[in-house]
Amino acid sequence: MSLTSGLRLSVLAGPTLPVPLTVDLAERVRSVTVTESDEERSVFSLVLDAEGRAPGAPTPFGAGFALSTFNRVSIVVTFGPLPAMLFDGIVTETRLEPGAGGSGATWVITGEDLGNLLDREERDVEHPGLDDYPVVLAMLAPYAAHGLLPAVTPPPTMDPPLPIDRIPTQHGTDLAHLVALAGRHGYVAYATPGPVPGTSLFYWGPPVRLGVPQPALAVNLGHDSSVTQIDVRTEATAPTTVSGNVMDRRTGTQTPVEAPVPTRPPLAAVPFAAANSANVRSRRLRDGSSNTVTAQARAQGQVDAAADAVTAEGSADGARYGSVLRSRALVGLRGVGWENDGVWYCKRVEHSFTMGAYSLSFTLTRDGHGATTPVLPRAAS
């Protein structure tokens, strides 16, 4: 599917290994939408023209067709010579929409990323003697057979439990348990596509706050502009501190636990929580942990997860931007003044493709105001 000059979209699908769509199906593609977020599974929607099909001809929904339910789908975007994996997942729903108001009938195929595989079966499992990090590795190991490989970062603190003290347990799906374990440390957990069609990585670790940001989104900068609309808001009650006491069952002593400030690398010159420390919310530690190390780690995780007080939401012309904006990564923002320019964390992106157009909607967050760098990577012109 050729969208604009130098920009091409490819859809691959199949029962196990995704392959390019047949010419007939590829020519029927009307639109493709992909949404990715660090809080939810990535999803896609593919709309195909259903008009002009010969009577009795098979549909994409039938057994053996590339876009049948539970089949694998990969979506690749190519800017110039460089392909980028945008989505890798599973078809979860198919439907025929007859059309209304003069519009023709369409087939609509939707699906989710490979997190779907981890969310199918609820389990009751014990993990004796294992801390969160080895539990995560053990849970992800069976999914390598589906092309889902682990990308796991150890937490800053490790506290392997003694079986006579406590035994970590899982009650629910693998995905729900992985997300819950990540939340204890202020981490995120999600499947991310690539590096090649039919493969994905499952990331379990801190939100990405280091490294070179993606090319900058530009506002009101003439020929360089890519953003068509943007709103920036400050949520004053978002940051928090956590404190309390924990009775350490191993030592029998009660120890105070304090997490007064975030430990994530700051993205803003003036972090909101630091500039408004007298008014930051204070929360009590409410945790079933039985030792000080684990309680401190979970308190700090709560503070880190609540640090982002500033949110920018907007839309952009994807062709003008000149690259594939990825969620769960850093991105630059230019043209909105020193207070809001600089590096942001891209929390959510929706990619919308139609013939001749590529548009984006995005949600960016960070911990305060003010640019920390005078120079940002520029988008391709």
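Residues numbered from 1 in each chain as written. Predicted model: local features only at pLDDT ≥ 70, side-chain atom pairs only at ≥ 80, totals over all residues. Heavy atoms only, no water.

Asker: What exactly am I supposed to notice about the pattern of salt bridges here?
Answerer: Oppositely charged side chains may form a pair once their charged atoms are brought near each other. All told, the structure shown has 18 salt bridges when counted by the stated rule. Across the pair K347 and D38 runs a salt bridge, and its minimum N-O distance is 3.2 Å. On the criterion of sequence distance, the pair formed by K347 in strand β22 (residues 342–354) and D38 in the loop between β4 (29–37) and β5 (43–49) is long-range, its members being 309 residues apart. Residue D308 is joined to R209 by a salt bridge in which the shortest nitrogen-to-oxygen separation is 2.5 Å. With D308 in the loop between α6 (292–305) and β20 (310–317) and R209 in the loop between β13 (200–205) and β14 (214–218), this residue pair connects regions lying 99 residues apart in the sequence. By relative accessible area, which is 7% here, R209 ends up buried. Each member of the salt-bridge network shares a partner with another, and the members are D38, E39 and K347. (Salt bridge = Lys/Arg side-chain N within 4 Å of Asp/Glu carboxyl O. Helix = DSSP H or I, 4+ residues; strand = E, 2+ residues; numbered from the N terminus. Buried < 20%, exposed > 50% of the residue type's maximum accessible area, 1.4 Å probe, protein only.)

Asker: Hey, could you run me through empty space enclosed by the protein in this one?
Answerer: Gaps left between atoms are located by rolling a probe of water-molecule size over the structure's atoms. In total, this model carries two cavities of 30 Å³ or more according to the counting rule given. Its boundaries defined by the atoms lining it, the largest cavity holds a volume of some 90 Å³. Taken together, D131, D132, T157, M158, D159, R166, R184, H185, V293, T294, A297 and R298 form the lining of the largest cavity. No other element matches α6, which puts four residues into the lining of the largest cavity. Here the second largest cavity is characterised by a volume of approximately 60 Å³. Lining the second largest cavity, in full, are V34, E36, S42, L86, F87, D88, D113, L114, A191, T192, P193 and S200. Residue composition of the lining of the second largest cavity, grouped by class: six nonpolar, three polar and three charged. (1 Å grid on protein atoms, 1.4 Å probe; cavity = no way out; pocket = protein on both sides within 12 Å on 5 of 7 lines; lining within 4 Å. Points joined across faces, edges and corners; volume = space filled by probe spheres on them. Nonpolar A, V, L, I, M, F, W, Y, C, P; charged D, E, K, R; others polar.)

Asker: Would you explain the pairing of strand β6 (residues 72–79) in this entry?
Answerer: Among the eight residues in β6, eight count as buried, and that is most of the element. Because side chains alternate across β6, one face comprises the buried residues R72, S74, V76 and T78, and the other comprises V73, I75, V77 and F79, equally buried. Pairing of strand β2 (residues 7–14) with β6, which is carried by eight bridges, proceeds in the antiparallel orientation. In the strand pairing of β6, S10 is matched with V76. In terms of strand pairing, β6 meets strand β7 (residues 82–97) through eight bridges, oriented antiparallel. Counterpart to F79 in the pairing with β7 is L82. In this structure, the hairpin formed by β6 and β7 is closed by a connection of two residues, where G80 is found at a positive phi of approximately 65°. (Pairing = 2+ DSSP bridges.)

Asker: I'm lost on the sheet that holds β13 in this one. Help?
Answerer: Note: strands within a sheet are paired through backbone hydrogen bonds, in either parallel or antiparallel orientation. Pairing is mixed across the open sheet formed by three strands, whose spatial order is β10-β13-β12. Looking along the sheet, the strands with just one partner apiece sit at the ends: β10 (148–152) and β12 (188–193). This sheet shows a mean twist of 20° between the axes of neighbouring strands, independent of strand direction. Looking at chain direction, β10 and β13 are connected through five bridges and run parallel. Directly across from A151, in β13, lies its bridge partner Y203. In the packing of helix α3 (residues 132–140) onto the sheet, the strands contacted are β10 and β13, and the crossing angle to β10 comes to about 170°. Relative to the sheet, helix α4 (residues 174–184) contacts β12 and β13, its axis offset from that of β13 by approximately 35°. (Axes fitted to C-alpha atoms, helices over the stretch in contact; angles between N-to-C directions. Contact = heavy atoms within 4.5 Å.)

Asker: Explain the nonpolar core to me, please; I cannot follow it from the model alone.
Answerer: Among soluble globular proteins, nonpolar side chains are generally buried collectively. By size, the foremost hydrophobic cluster in this structure holds 45 residues, and its most contacted members are V32, F44, L46, L67, I75, L217 and L325. Beyond its immediate stretch of four places on either side in the chain, L217 contacts S226, V227, A316, Y321, L325, V331, G332, L333, R334, F362 and L364. Residues M139, Y143, L148 and A182 belong to the second largest nonpolar core, which totals 20 residues. (Core = buried A, V, L, I, M, F, W, Y, C linked by side-chain atoms within 4.5 Å.)

Asker: I would appreciate a short explanation of α3 in the present structure.
Answerer: An α-helical turn contains 3.6 residues, so a residue and the one three or four places further along point in the same direction. Burial in α3 covers these residues: D132, V135, V136, M139 and L140. What you see down the axis of α3 is that its buried residues fit within an arc of 125°, all on one side. At its buried positions, α3 is contacted by α2 (115–118), β10, β11 (169–173), α4 and β13. (Arc of directions from axis to C-beta.)

Asker: Whenever I open this one, unusual backbone geometry confuses me. Can you help?
Answerer: Among all residues save glycine, negative phi is the norm, and among peptide bonds the norm is trans. The amide bond that connects G194 to the next residue, P195, takes the cis arrangement and shows omega of 15°. Residue F70 is not a glycine yet carries a positive backbone phi of 75°. Relative to the helices and strands, F70 resides in the loop between β5 and β6. A positive phi angle is found at N220, which is not glycine, with a value near 55°. By the element assignment, N220 lies in the loop between β14 and β15 (227–234).

Asker: Before we go on, may I ask you to explain the layout of surface pockets in this structure?
Answerer: Taken as a whole, the largest pocket spans an internal volume of roughly 650 Å³. Taken together, 34 residues make up the lining of the largest pocket; nearest its centre are D38, E39, V188, A305 and K347. Looking at the lining of the largest pocket, the elements with two or more residues in it are α4, β12, α6, β22 and β23 (357–366). When grouped by side-chain class, the residues that make up the lining of the largest pocket number 15 nonpolar, eight polar and 11 charged. Space inside the second largest pocket adds up to approximately 400 Å³. Taken together, 22 residues make up the lining of the second largest pocket; nearest its centre are P156, Y187, P206, T263 and D304. When residues in the lining of the second largest pocket are grouped by element, the largest group, six residues, is from α6. Within the lining of the second largest pocket, the residues separate by chemical class into 12 nonpolar, seven polar and three charged.

Keep in mind that these numbers describe shape and distance, not what the molecule does.
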